[in-house]
Amino acid sequence: MTLPPADLARLLHDAQEGPHYSVRAALALADGQPSPRIAALAAGLTARKRALWADIAAATRTPPPPDDAGLTRLAAWEVEAAAALTAEHLRQRVGGRSVGELLLEHAREALWTAGQMAAHASRVRMA
């Protein structure tokens, strides 16, 4: 089952910007400067977004992600990019898997990462 591009874009948006269970919501839990673990999770997610979308761009001949975008701007870009994909784009293969499958898995990964960030944000750090 492949979701339409608009639905995938919505899932990616909600994973990043949703009011409760999202990357943005998890980062909001971090009081003050985020812990090094949260920063590492955010950097890792940013790198994976960039790599995934570079592969998708190569397979679908669509624009690659902006090189200078951080996590927030990259996530906003990816929502627009996902919405602009066609059904044919979603069927393209990247590493043996369809673009649609990869994007659905990526939305899950963003939510998992948000959960990890929230878990680390709620821990009390001792000096």
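Residues numbered from 1 in each chain as written. Predicted model: local features only at pLDDT ≥ 70, side-chain atom pairs only at ≥ 80, totals over all residues. Heavy atoms only, no water.

Peer 1: Hey, could you run me through helix H3 (residues 36-60) in this one?
Peer 2: Along an α-helix, residues three or four apart share an orientation, since each turn contains 3.6 residues. The terminal C-alpha atoms of H3 lie 36 Å apart, and with 25 residues this matches the ideal 36 Å at 1.5 Å per residue to within 8%. Of the residues making up H3, those classed as buried are Ile38, Leu41, Ala42, Gly44, Leu45, Thr46, Lys49, Leu52, Trp53, Ile56, Ala57 and Thr60. Residues of H3 that are buried make contact with helix H1 (5-17), helix H2 (23-29), helix H4 (71-84), helix H5 (87-91) and helix H6 (99-121). Phi turns positive, to about 60°, at Arg61, one or two residues after H3. (Helix = DSSP H or I, 4+ residues; strand = E, 2+ residues; numbered from the N terminus. Expected span 1.5 Å × (residues − 1). Buried < 20%, exposed > 50% of the residue type's maximum accessible area, 1.4 Å probe, protein only. Contact = heavy atoms within 4.5 Å.)

Peer 1: Would you mind showing me how to read the environment of Ala6 here?
Peer 2: Relative to the helices and strands, Ala6 is located in helix H1. You can call Ala6 exposed: its relative accessible area is 52%. Linking Ala6 and Glu80, residues 74 residues apart in sequence, is a C-alpha distance of 9.3 Å.

Peer 1: Any chance you could explain the packing of aromatic side chains here in plain terms?
Peer 2: Geometry of an aromatic ring pair is reported as the spacing of the ring centres plus the angle between the planes. Counted by the stated rule, this structure contains one aromatic pair. When the ring of Trp53 is compared with that of Trp77, the centres are 5.3 Å apart and the planes differ by 85°; the resulting orientation is edge-to-face. Taken together, the residues span a long stretch of sequence, with Trp53 in helix H3 and Trp77 in helix H4 at a distance of 24 residues. For the pair Trp53 and Trp77, a shared accessibility class is recorded, and that class is buried. (Phe/Tyr/Trp six-rings, centres within 6.5 Å; stacked < 30°, edge-to-face > 60°.)

In short, geometric facts, not functional conclusions.
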